[in-house]
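Each chain, written out:
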Amino acid sequence: IRFLSIFSTMGPIGVALGMAVNEFASPIVDSIMLAVVAGTFVYVGATEVIPEEFEEPNNKWKKFIALISGIVSIFAITQYTMTLEGHAH
């Protein structure tokens with residue numbers, strides 16, 4: 001129960017810390033924190049979630065197509081939003 005309580009309080013603490021950094025810190029600190037969080041998310045997905053899904057032989061092609069569809073969707077959304085902001089290269 002003690003560890004569950006600690007785990008449960010980390011979410012609100014992280015939100016409060018993020019809001020404080022966003023409000024009071026320089027934009028570079030906000031960018032660094034966003035990069036660390038995004039990198040952690042990608043790392044966990046690439047090393048834990050995706051390999052575990054492909055261990056079972058059931059529906060491997062459906063899972064592969066869903067994975068590629070998600071990657072292509074995020075790429076398309078990113079490219080579209082960059083054109084809206086005028087950052088297209």
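Residues numbered from 1 in each chain as written. Predicted model: local features only at pLDDT ≥ 70, side-chain atom pairs only at ≥ 80, totals over all residues. Heavy atoms only, no water.

1. Thoughts on the pattern of salt bridges
Consideration 1: For the coordinates displayed, the defined rule picks out one salt bridge.
Consideration 2: Two residues, E53 and K63, come together in a salt bridge whose shortest N-O distance is 3.5 Å. Note that E53 is positioned in helix α2 (residues 27–53) and K63 in helix α3 (residues 60–85), a separation of 10 residues in sequence.
Consideration 3: Judged by relative accessible area, which is 41%, E53 ranks as partly exposed. (Salt bridge = Lys/Arg side-chain N within 4 Å of Asp/Glu carboxyl O. Helix = DSSP H or I, 4+ residues; strand = E, 2+ residues; numbered from the N terminus. Buried < 20%, exposed > 50% of the residue type's maximum accessible area, 1.4 Å probe, protein only.)

2. What about the layout of surface pockets?
Consideration 1: Its volume calculated, the largest pocket comes out at about 150 Å³.
Consideration 2: Around the largest pocket sit F41, V42, G45, A46 and I50, which together line it. (1 Å grid on protein atoms, 1.4 Å probe; cavity = no way out; pocket = protein on both sides within 12 Å on 5 of 7 lines; lining within 4 Å. Points joined across faces, edges and corners; volume = space filled by probe spheres on them.)

3. Let's talk about a negative patch on the surface
Consideration 1: Side chains of E48, E52, E55 and E56 sit close together on the surface and give a patch of like negative charge.
Consideration 2: On the secondary structure map, E56 appears in the loop between α2 and α3. (Patch = residues over 30% accessible without salt bridge, like charges linked within 9 Å, V, L, I, M, F, W, Y side chains within 5 Å. Areas by Shrake-Rupley, 256 points an atom, 1.4 Å probe, with all protein chains shown as cover. Lys, Arg positive; Asp, Glu negative; His and termini not counted. Charge placed at Lys NZ, Arg CZ, Asp CG, Glu CD.)

These results come straight from atomic positions and should not be treated as a statement about function.
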